[in-house]
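One letter stands for each residue in the lines below.
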Protein chains: 2
Amino acid sequence: MSMLSPPGVYQKRQEKIYEWMFQEGISLIMIEDFEGRRNQAVRWLSGQPGDALLFLSMNKCSLLVPWDINKAVRCADVDTYIPYEEVDRNPIKALRSAAKELGVPNGSRVEIPATTSYPHFLRYVEELSDFDIICHEGGVWAELEKSRAIKDEAEIKIYRKVSAMTDEIINLVEKNVRSGKLKTEADVALFIEHKSRSMGCEGTGFPTIAAGPERSFGIHAFPSYTGERFGGSGLSILDFGLKYAGYTSDVTLTFAAEPLSKDQEKMISLVEKAYKLALAEVKNGEPARNAGIAVDAFLGRHKKTMPHALGHGIGLEAHEAPSLRSRAGNDWILELGMIITIEPGIYDPVHGGCRLENDVLITENGAEVLTNSRIVRL
Amino acid sequence: MSMLSPPGVYQKRQEKIYEWMFQEGISLIMIEDFEGRRNQAVRWLSGQPGDALLFLSMNKCSLLVPWDINKAVRCADVDTYIPYEEVDRNPIKALRSAAKELGVPNGSRVEIPATTSYPHFLRYVEELSDFDIICHEGGVWAELEKSRAIKDEAEIKIYRKVSAMTDEIINLVEKNVRSGKLKTEADVALFIEHKSRSMGCEGTGFPTIAAGPERSFGIHAFPSYTGERFGGSGLSILDFGLKYAGYTSDVTLTFAAEPLSKDQEKMISLVEKAYKLALAEVKNGEPARNAGIAVDAFLGRHKKTMPHALGHGIGLEAHEAPSLRSRAGNDWILELGMIITIEPGIYDPVHGGCRLENDVLITENGAEVLTNSRIVRL
């Protein structure tokens with residue numbers, strides 16, 4: 001069991017799903033976390049950091065089918081295991097074996113991942129005709145998404161820690177870019193990689209984007225960092241996250257170096273105003289898209305458009321629920337305990353890009369800003 | 001268009017798919033490369049490095065729906081674009097718009113990704129009832145997989161270059177571990193990150209695994225590298241790849257430092273023998289599983305098992321076709337121009353792990369070893 005989570009945290013989460021299964025009459029659930037079909041719900045429910053199938057049965061048993069049994073024994077808090085080799089690395093065989101091991105009777109309702117491809121779904125139904133195979137987007141997947149969106153005490157504690165480490169790195173990067181110690185995009189990105197490990201993080205939560213003035217116009221610069229100058233005259237963007245105990249922070253700084261054009265100054269000013277506006281809109285009980293709508297309207301009045309969502313939940317994945325997207329169909333309501341990013345940005349092929357992103361926790365007093373990212377003037 | 005590929009390389013690949021479409025009577029194909037549904041076939045066919053939908057129509061037109069239009073204009077070699085925003089970031093709307101733009105008549109056969117989830121598939125069929133929506137695992141997906149498995153001239157040229165760079169890094173890492181300049185797992189991994197960029201690579205092809213003697217027993221150590229000692233007494237594993245022009249190398253070294261136990265010496269000897277055996281088995285026209293079967297049998301005679309496949313194709317993805325898995329059902333035949341890894345390994349919770357991996361090109365003279373990874377004695 002992970003040393004970073006208090007005892008019982010995984011059982012408590014499993015318990016919640018068992019209750020849901022009982023209410024819905026679902027006998028067995030399979031969650032898949034393999035290459036091409038990643039789902040961090042496996043780690044959230046068991047502590048197992050990937051490359052495994054997790055089964056939960058209505059009689060409150062958890063069974064893991066890991067690729068690497070040694071890793072599972074160290075990491076996972078489950079009742080029992082079947083090595084993946086033993087079922088020929090075949091999810092359908094794994095499901096049959098797990099159902100047998102967990103005493104799931106024929107005819108039972110079994111939920112498989114909503115991401116199961118149509119051709120695979122046909123195979124499940126054909127080969128497991130003695131079960132009632134269910135594959136839809138609501139059900140346990142909606143339940144898991146919602147549960148994971150609202151962080152529990154253990155998770156909020158982890159976020160306070162990873163946020164403090166993120167701030168420490170923000171300060172060091174600012175200092176070292178100012179002093180000229182970090183000159184290129186790669187200097188900055190690799191400094192973060194190095195520091196993250198020496199601080200005890202698993203690493204970075206996603207590929208760091210360090211884009212100097214020539215490349216910052218890209219929403220997500222490609223490649224994510226190069227040997228080019230970072231922090232030269234104009235706008236440079238740094239978007240990174242630290243991954244600690246599985247959970248990632250996600251912040252973006254813009255470095256604005258003189259001389260700046262009038263257009264660049266205007267971009268900075270608009271992004272800072274949009275950021276403040278968004279923070280004020282983010283409240284417990286409010287539709288998550290409202291902040292997005294407010295920012296879109298504000299930028300629209302200044303003839304600018306933001307080509308991405310205002311923010312998103314963070315957690316074991318860099319992008320989780322809720323979305324702060326302004327579009328119709330985004331029905332998320334902000335709730336206490338959600339941790340989201342606020343990240344307004346404007347991009348221009350000539351003037352470059354400007355984005356400001358921090359992580360915030362929804363509390364009874366509105367948005368508590370956890371990280372201290374900012375626009376840095378050089 | 002990418003400066004690293006000769007003009008016409010993408011059109012040539014598209015042409016091959018158009019021909020296939022004509023033969024099969026498919027009017028439109030959609031390929032998706034977004035978060036959670038990655039498919040490097042988009043880059044292979046157009047040069048666009050991700051975050052886009054690619055449509056190919058029977059009348060030989062290519063249409064890209066990119067998330068970041070600025071990136072697409074710089075990178076992609078296609079006939080026309082529709083910004084993703086314009087179709088509300090909705091793949092079904094994108095398909096409808098693309099069909100209209102490309103003049104695909106109602107009732108036509110349209111192939112959507114074989115990875116499309118069952119719930120999404122139902123939506124495609126419902127919302128696009130005026131087309132014949134096809135979603136299966138053969139069809140264009142098998143064609144693309146096979147085409148990508150056999151590298152063309154441009155790709156082999158890239159592999160000669162990325163292999164040479166990989167060898168240069170292998171030599172530098174060996175030198176610096178010997179001298180004590182690189183002491184920890186993070187030292188080694190970050191040295192590679194840094195060098196890869198200064199050599200002009202996009203970065204590394206997958207997270208570098210640097211596992212010292214205490215952690216090398218894991219097939220893929222987790223976290224992939226830490227601040228722990230690398231190269232101390234016993235067996236340390238280094239598994240990395242460089243990504244150049246989109247293509248990744250994939251090599252593994254084992255560092256064996258005195259004093260070594262008799263068991264560890266035996267593991268090294270078996271892995272080296274298995275590696276040589278595999279190289280001799282890898283031949284144009286042979287079933288790809290034969291080498292895997294030979295290695296499994298050899299290790300079995302010494303009461304060892306290898307918990308992973310003997311190797312796999314590499315390319316724009318770290319894992320491509322063909323697989324060298326020994327299991328029944330692996331029907332791949334080795335062909336001229338395939339580039340694969342050969343990577344026998346043995347793992348033991350007490351003695352650690354030993355793996356040796358190089359990249360080889362299938363030629364008329366058998367396996368041409370492209371990289372120079374090895375067991376390093378310290």
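To be clear, the structure that these remarks concern was listed above.
Let me begin by describing the structure that accompanies this report.

## Digging into the overall build of chain A
Argument step 1. From N to C terminus, chain A includes 10 helices and 20 strands.
Argument step 2. Over its C-alpha atoms chain A spans a radius of gyration of 23 Å, differing by no more than 12% from the 21 Å that the globule rule assigns to 378 residues.
Argument step 3. Partitioning the contacts of chain A with sequence separation of at least 6, the portion at a separation of at least 24 is 63%.
Argument step 4. Accessible surface computed for chain A: about 14800 Å², of which carbon and sulfur atoms make up 51%.
Argument step 5. Positive and negative side-chain charges in chain A, numbering 44 and 53 respectively, have mean positions lying 6 Å apart.

## A short note on the side chain of Ser224(A)
All names here are of chain A.
Argument step 1. Structurally, serine 224 can be placed in the loop between β8 (209-211) and β9 (234-240).
Argument step 2. Only 3.0 Å separates the side chain of serine 224 from the backbone oxygen of threonine 208, close enough to count as a polar contact.
Argument step 3. With near-sequence residues (within four places) excluded, serine 224 lies in contact with Pro207, Thr208, Ile209, Ala210 and Arg215.

## Some words on the environment of Phe240(B)
All names here are of chain B.
Argument step 1. If you trace the backbone, phenylalanine 240 turns up in strand β9 (residues 234-240).
Argument step 2. Assessed through its relative accessible area of 0%, phenylalanine 240 is described here as buried.
Argument step 3. Separated by 37 residues in the primary sequence, phenylalanine 240 and leucine 277 place their C-alpha atoms 23 Å from one another.
Argument step 4. Non-local contacts of phenylalanine 240, meaning those with residues more than four positions away in its chain, are made with Thr166, Ile169, Ile170, Ile192, Phe206, Thr208, Ser249, Asp250, Val251 and Leu253.

## Structural notes on the relation of the copies chain B and chain A
Argument step 1. Overlaying chain B on chain A yields an RMSD of 0.0 Å, the required transformation being a rotation through 180 degrees with an accompanying axial translation of 0.0 Å. On this basis, the relationship between the two copies can be described by a two-fold rotation axis.
Argument step 2. Most of the interface of chain B is mirrored in chain A: 100% of its interface residues are interface residues there too.

## Considerations on the nonpolar core
One recurring pattern in soluble globular proteins: nonpolar side chains tend to sit buried together.
Argument step 1. Ranked by internal contacts, the top residues of the largest apolar core, which has 60 residues, are Phe55(A), Val65(A), Leu95(A), Phe55(B), Val65(B) and Leu95(B).
Argument step 2. Setting aside residues no more than four positions away along its own chain, Phe55(B) makes contact with Leu28(B), Ile29(B), Met30(B), Cys61(B), Ser62(B), Leu63(B), Val65(B), Ala94(B), Leu95(B), Ala98(B) and Leu102(B).
Argument step 3. If you look at the next biggest cluster of nonpolar residues, it comprises 58 residues, including Ile134(B), Val140(B), Met199(B) and Leu238(B).

## Focus on the environment of Ser163(B)
All names here are of chain B.
Argument step 1. Within the element layout of this structure, serine 163 appears in helix α7 (residues 153-179).
Argument step 2. Looking at serine 163, the relative accessible area reads 2%, which means it is buried.
Argument step 3. Those residues in contact with serine 163 that sit more than four places away from it in its chain are Leu370 and Thr371.

## Considerations on the sheet that holds strand β3 (residues 61-66) of chain B
Residue and element names in this part refer to chain B.
Argument step 1. Pairing is mixed in the open sheet, where 6 strands are placed in the order β4-β3-β2-β1-β5-β6. Of all the strands in the sheet, the pair left with one neighbour each is β4 (80-81) and β6 (132-134).
Argument step 2. Here 3 bridges tie strand β5 (residues 109-111) to β6, and the two strands are oriented parallel to one another. Paired with valine 110 across the bridge in β6 is isoleucine 133.

## A closer look at unusual backbone geometry
Backbone geometry follows two general trends: most residues other than glycine have a negative phi, and most peptide bonds adopt the trans configuration.
Argument step 1. Cis geometry marks the peptide bond from Glu258(A) to Pro259(A), where omega comes out at -5 degrees.
Argument step 2. Mapped onto the secondary structure, Pro259(A) falls in the loop between β12 (251-257) and α9 (262-281).
Argument step 3. Between Phe222(B) and Pro223(B) the backbone carries a cis peptide bond, its omega angle lying at -10 degrees.
Argument step 4. As for its position among the elements, Pro223(B) is in the loop between β8 (209-211) and β9.

## Considering helix α6 (residues 139-149) of chain B
Since the α-helix packs 3.6 residues into each turn, any two residues three or four apart lie on the same face.
Argument step 1. Turning to α6(B), its buried residues are Val140(B), Trp141(B), Leu144(B), Ser147(B), Arg148(B) and Ala149(B).
Argument step 2. Elements that come into contact with the buried residues of α6(B) comprise α1 (9-24), β1 (28-33), α2 (41-46), β5, β14 (320-323) and β15 (339-342) of chain B.

## Observations regarding the pattern of salt bridges
Argument step 1. Counted by the stated rule, this structure contains 46 salt bridges over all chains.
Argument step 2. The shortest N-O distance in the salt bridge between Arg123(B) and Glu137(A) comes to 2.3 Å. Placement of Arg123(B) in helix α5 (residues 118-127) and of Glu137(A) in the loop between β6 (132-134) and α6 (139-149) is noted, with the two residues assigned to different chains.
Argument step 3. Given the relative accessible area of 35%, Arg123(B) is considered partly exposed.
Argument step 4. In this structure, Glu265(A) and Arg377(A) form a salt bridge, with 3.0 Å as the shortest nitrogen-oxygen distance. Highlighted residues: Glu265(A) in helix α9 and Arg377(A) in strand β20 (residues 375-377), separated in sequence by 112 residues.
Argument step 5. Looking at Glu265(A), the relative accessible area reads 29%, which means it is partly exposed.

## Concerning the interface of chain B and chain A
Argument step 1. The interface of chain B with chain A comprises 43 residues on the first partner and 43 residues on the second.
Argument step 2. Summed over both partners, the interface of chain B with chain A comes to about 3800 Å²; 58% of that surface belongs to carbon and sulfur atoms.
Argument step 3. By the criterion of area lost to chain A, the three top residues of chain B are Tyr118(B), Arg197(B) and Phe222(B), representing 17% of everything that side buries.
Argument step 4. At the boundary of chain B and chain A, one finds 2 salt bridges.
Argument step 5. Here chain B is connected to chain A by 16 residue pairs in polar contact (both at pLDDT 80 or more).
Argument step 6. A breakdown of the residues in the side of chain B that touches chain A according to their chemical character gives 16 nonpolar, 12 polar and 15 charged.

## Remarks on the sheet that holds β6(A)
All names here are of chain A.
Argument step 1. Spatially, β4-β3-β2-β1-β5-β6 is the arrangement adopted by the 6 strands of the open sheet, whose pairing is mixed. On the outer flanks of this sheet lie β4 (80-81) and β6, each paired with one strand and no other.
Argument step 2. The sheet contact formed by strand β3 (residues 61-66) and β4 spans 2 bridges and is parallel. Within β4, the position partnered with leucine 64 by the bridge is tyrosine 81.
Argument step 3. Set on the sheet, helix α1 (residues 9-24) makes contact with β1 (28-33), β2 (52-57), β3 and β5 (109-111); between it and β2 the angle comes to about 55 degrees.

## Some remarks on the state of the cysteines
All names here are of chain B.
Argument step 1. Across all of its chains, the model carries 0 disulfides over all chains by this definition.
Argument step 2. Cysteine 201 takes part in no disulfide bond, and the closest cysteine sulfur, belonging to cysteine 75, lies 17 Å away.
Argument step 3. The exposure class of cysteine 201 is buried, given its relative accessible area of 8%.

## What about the packing of helix α4 (residues 91-101) of chain B against α5(B)?
Residues and elements named next belong to chain B.
Argument step 1. Between α4 and α5, the shortest axis-to-axis distance is 10 Å and the interhelical angle comes to 40 degrees. Both α4 and α5 take part in a crossing whose hand is right-handed. Here Pro91, Ile92, Leu95 and Arg96 of α4 lie close against α5, whose contacting residues are Arg123, Tyr124 and Glu127.
Argument step 2. Class assignment for the residues of the contact of α4 with α5 results in 4 nonpolar, no polar and 3 charged.

## A few points about helix α7 (residues 153-179) of chain A
Argument step 1. Across its 27 residues, α7(A) extends 39 Å between first and last C-alpha, which sits within 8% of the 39 Å expected from 1.5 Å per residue.
Argument step 2. The first or second residue beyond α7(A) is Gly180(A), which carries a positive phi of 85 degrees.

## Brief notes about the packing of aromatic side chains
Residues and elements named next belong to chain B.
Argument step 1. Going through the model one piece at a time under the given rule, you end up with 9 aromatic pairs over all chains.
Argument step 2. With centroids separated by 5.2 Å and ring planes inclined at 70 degrees, the aromatic side chains of phenylalanine 230 and phenylalanine 255 adopt a geometry described as edge-to-face. Of this pair, phenylalanine 230 sits in the loop between β8 and β9 while phenylalanine 255 sits in strand β12 (residues 251-257), placing them 25 residues apart in sequence. Each member of the pair phenylalanine 230 and phenylalanine 255 is classed as buried.

Reading guide: rules and limits
Residues numbered from 1 in each chain as written. Chains lettered and ligands numbered in written order. Predicted model: local features only at pLDDT ≥ 70, side-chain atom pairs only at ≥ 80, totals over all residues. Heavy atoms only, no water. Helix = DSSP H or I, 4+ residues; strand = E, 2+ residues; numbered from the N terminus. Rg over C-alpha atoms; globule rule 2.2 N^0.38 Å. Contact = heavy atoms within 4.5 Å. Areas by Shrake-Rupley, 256 points an atom, 1.4 Å probe, with all protein chains shown as cover. Lys, Arg positive; Asp, Glu negative; His and termini not counted. Charge placed at Lys NZ, Arg CZ, Asp CG, Glu CD. Polar contact = N/O pair within 3.5 Å; in protein donor to acceptor, adjacent residues only side chain to side chain. Buried < 20%, exposed > 50% of the residue type's maximum accessible area, 1.4 Å probe, protein only. Least-squares fit on C-alpha atoms with pLDDT ≥ 70 in both. Core = buried A, V, L, I, M, F, W, Y, C linked by side-chain atoms within 4.5 Å. Pairing = 2+ DSSP bridges. Salt bridge = Lys/Arg side-chain N within 4 Å of Asp/Glu carboxyl O. Buried area = accessible area lost by both parts, 1.4 Å probe. Nonpolar A, V, L, I, M, F, W, Y, C, P; charged D, E, K, R; others polar. Axes fitted to C-alpha atoms, helices over the stretch in contact; angles between N-to-C directions. Disulfide = S-S within 2.5 Å. Left-handed = near helix turned anticlockwise from the far one by under 90°. Expected span 1.5 Å × (residues − 1). Phe/Tyr/Trp six-rings, centres within 6.5 Å; stacked < 30°, edge-to-face > 60°.

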